[in-house]
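Structural description and commentary
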Amino acid sequence: MKPIAMILLLSCFFLGWSQQNSEDTERLYFHVNISNAQTLIITEKKDNTIAVLSMASDRETQIYASHKIFRFKKAYPNTKRDLLKTVYTISTDNPELLGSLQYNFPDKYTRVGQFFTTENAYYPNDYGTTSPVENLGAPYPAYDLDMIMAPEAWGITRGNSQVIVGISDAKIDSLDPDFKGRIRNYLKYSNATKGLKCAHGSSVAAIAVATMDNGYGRAGICSNCDVIANGYGNFKDIEQLVAAGAKVINASWAKCTMGGKYKENIQERIKEMYDDGIIIVAGAGNGTDCNKDGKKLGDSLYPASFERVISVSGVYTINRETTDQIFEHEGRKLTKQVKDRRAGYFYVSDQGTLTPTEIEKGVQMNKAVDLLAPREGYLLGHDICREKTLYGGASSSAAPVVTGIIGLMWSVNYCLSSYEVESILKLSSKGVENLTGNEPYKGLMGAGRVNAYRAVKMSEQMKDPLATVGISNRDFYRFDFTLSSAQNSIEIKNQTFREDATVDFKAKNQIILKPGTHLKPNTNGFIKLAIDPNISPKQCRPSPIKKYASYKEDN
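We now turn to the structure provided with this report. Worth saying up front: this structure is predicted, and the values here are computed from it rather than measured.

1. Quick look at the overall build of the protein
- Looking only at helices and strands, one finds 12 helices and 29 strands in the protein.
- With respect to the principal axes defined by its C-alpha atoms, the protein has extents near 80 × 60 × 50 Å.
- Here the protein holds 555 residues, and the buried ones make up 54% of them.
- Put simply, of all contacts in the protein between residues at least 6 apart along the chain, 66% involve residues at least 24 apart.
- By element, 48% of the accessible surface of the protein is carried by carbon and sulfur atoms, the whole surface being about 24700 Å².

2. Here's the deal with unusual backbone geometry
- Pro303 follows Tyr302 through a cis peptide bond whose omega is 15 degrees.
- You will see that Arg111, though not glycine, has its phi angle at about 55 degrees, which is positive.
- For Arg111, a relative accessible area of 35% puts it in the partly exposed group.
- Non-glycine residue Gln337 carries a positive phi angle of around 50 degrees.
- Following the sequence through the fold, Gln337 ends up in the loop between strand 15 (332-336) and strand 16 (345-348).

3. A word on the packing of helix 10 (residues 395-412) against helix 12 (residues 452-462)
- Two elements in contact, helix 10 and helix 12, have axes separated by 8 Å at closest approach and are oriented at 25 degrees. It follows that helix 10 is roughly parallel to helix 12 by the angle criterion. Like other packed secondary-structure pairs, helix 10 and helix 12 cross with a definite hand, here right-handed. Here Ile405, Leu408, Met409 and Val412 of helix 10 come into contact with helix 12, specifically with Ala452, Ala455, Val456, Ser459 and Glu460.
- When its residues are assigned to classes, the contact of helix 10 with helix 12 shows seven nonpolar, one polar and one charged.

4. Section: helix 12
- All of the buried residues along helix 12 are Ala452, Tyr453, Ala455, Val456, Met458, Ser459 and Met462.
- Put simply, Asn451 is the residue that caps the front of helix 12, since its side-chain oxygen is 3.2 Å from the backbone nitrogen of Tyr453.

5. Here's the deal with the sheet that holds strand 14 (residues 327-329)
- If you walk across this open sheet you meet the four strands as 14-15-16-17, and the pairing is antiparallel. What marks the edges here is a single partner per strand, and that holds for strand 14 and strand 17 (354-356). Sheet twist, expressed as the mean angle between neighbouring strand axes with direction ignored, is 45 degrees.

6. Notes on the packing of aromatic side chains
- Taken as a whole and assessed by the stated rule, the structure comprises 15 aromatic pairs.
- On the basis of an interplanar angle of 85 degrees and a centroid distance of 6.1 Å, the ring pair of Tyr127 and Trp154 is categorised as edge-to-face. You can see Tyr127 sitting in the loop between strand 7 (109-115) and helix 4 (143-147) and its partner Trp154 sitting in helix 5 (residues 150-154), a full 27 residues away along the chain. Trp154 matches Tyr127 in its accessibility class, with the two residues each being buried.

7. Some words on the nonpolar core
- Core analysis: the biggest nonpolar cluster contains 81 residues, and Val402, Ile405, Ile406, Leu425, Ile490, Phe497 and Phe505 have the highest contact counts within it.
- Beyond its immediate sequence surroundings of up to four residues, Phe505 is in contact with Leu427, Ile471, Phe481, Thr482, Leu483, Ile490, Ile492, Phe497, Ile511, Lys528, Leu529 and Ala530.
- Of all hydrophobic cores here, the second largest spans 25 residues; its members include Leu241, Ala251, Met258 and Ile278.

8. A few points about the state of the cysteines
- Taken as a whole and assessed by the stated rule, the structure comprises four disulfides.
- A disulfide bridge connects Cys198 with Cys385, and the sulfur atoms are separated by 1.9 Å. Across the S-S bond linking Cys198 and Cys385, the dihedral sits near -85 degrees, which makes this disulfide left-handed. Of this pair, Cys198 sits in helix 6 (residues 196-209) while Cys385 sits in the loop between helix 9 (380-384) and strand 20 (391-392), placing them 187 residues apart in sequence.
- According to the relative accessible area criterion, Cys198 is buried, its value standing at 4%.
- Across a sulfur-sulfur distance of 2.0 Å, Cys222 and Cys225 are joined as a disulfide pair. Residues Cys222 and Cys225 share a disulfide whose torsion about the S-S bond is about 60 degrees; that sign makes it right-handed.
- Here the protein pairs its bonded cysteines, counted in sequence order, in the arrangement 1-6, 2-3, 4-5, 7-8.

What counts, and where the lines are drawn
- Residues numbered from 1 in each chain as written.
- Predicted model: local features only at pLDDT ≥ 70, side-chain atom pairs only at ≥ 80, totals over all residues.
- Heavy atoms only, no water.
- Helix = DSSP H or I, 4+ residues; strand = E, 2+ residues; numbered from the N terminus.
- Buried < 20%, exposed > 50% of the residue type's maximum accessible area, 1.4 Å probe, protein only.
- Contact = heavy atoms within 4.5 Å.
- Areas by Shrake-Rupley, 256 points an atom, 1.4 Å probe, with all protein chains shown as cover.
- Axes fitted to C-alpha atoms, helices over the stretch in contact; angles between N-to-C directions.
- Parallel < 35°, antiparallel > 145°, perpendicular 65-115°, else oblique.
- Left-handed = near helix turned anticlockwise from the far one by under 90°.
- Nonpolar A, V, L, I, M, F, W, Y, C, P; charged D, E, K, R; others polar.
- Polar contact = N/O pair within 3.5 Å; in protein donor to acceptor, adjacent residues only side chain to side chain.
- Pairing = 2+ DSSP bridges.
- Phe/Tyr/Trp six-rings, centres within 6.5 Å; stacked < 30°, edge-to-face > 60°.
- Core = buried A, V, L, I, M, F, W, Y, C linked by side-chain atoms within 4.5 Å.
- Disulfide = S-S within 2.5 Å.

Rendered as structure tokens:
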């Protein structure tokens, strides 16, 4: 085993425990289905808490009165889905409130679930039908944005024009209200009027960068980022975006081969760009049998499978509980589109475990996949081009989710290196490969499913001289993690890095190892934790565009 290199201040293990008592009362958030909610009278008290009076039961009123309530309102006032029409958001300081209500009134309070949000979560007026405020945009749910905690990330930033997003794709309708005035440079434009060549580019770009708060279409994840657009299909299209100043580039297209005899040239160019602070994000593909052996799992597509390209595959979002959509088929229980799962349909056992009906069918999964993102949402381009499917998607829709998040991360901390950006995305993601139904794809699903809020928050903490960057609650057995510019502290808690994982963390003041931390690399991994008092604050701005040597592509 390689030695574990650590430079730590022993006293830092014991810091932080006494500070919690001085913080404000913790607010917990729950979603709950309430039948006959019209029997409840909701009023706001002088101290800004909520009073709930039940017209049906004194006991119900007493339960509410014995707890602090900070929020009580319909969770999805715009929804058309019957299951969500009776969902309410309740914020309290004690989870016993929901437990007591459900215990005493089991028929009235059902499907209680805790969720996580922030008080400054921002919902634009074109968020979708899952918005808690009026939606003036397209009448489709924003499960994809809900899933990645986009509103919570927007409470921190909605982007910055110094971050230039490059979109390598088909036509983007620059006259559409969601793009008008946003694309400052269109390197190549194909004015297709129907089919995917008309729809695909606008759908992909809208996810990443569509204008927010214009009462139309959908909200882009980094709506204040600058945008450059180009064609797709060859690495030269990506090179042209880099030459035009793009900082992060989305390539929602995939090929079984790329570059021919110049493939190694492309790989070296990508590494050079990455080292220079330019990131390419690519869709992993949609179940292509590149090896022509009848199997699709594990097959590599490009540019996603190049090293230092962030390869993104997709998971479903809609069915949040396996009991939502269980149905009988040929004597067996089936369900579909379960949250954070790769497969579309599953057999459901009596114990609740899920088995994919078709293991091969679905978006690409291979060892090159870095991250997962929601694969379905409202497709603006399809709407513009009058395509039949207006809600859907695959890995093409997952990639721009990550591209948009990177735009937000650099908007709050332009000094982050490419290595830090990728590390933060992975460290802040949710692990899903061990969920029931995902077992056949273990080792092929990347680090986890992205969370925009956590990634943006960690990016902001990296530059804050008073903040502690928290790393917790994951078990990584591979991937390389680098954090080199933390202005104060890094805290590692209930976290495992083992086997092939490599860790190179550096902080200005201290690195804190909390209980539950396990550092167990094998001979392929290593752990390096260091304090560097010379880390200093920087004001980072876009650098002059670098001219890269050309390459010859043989396609």
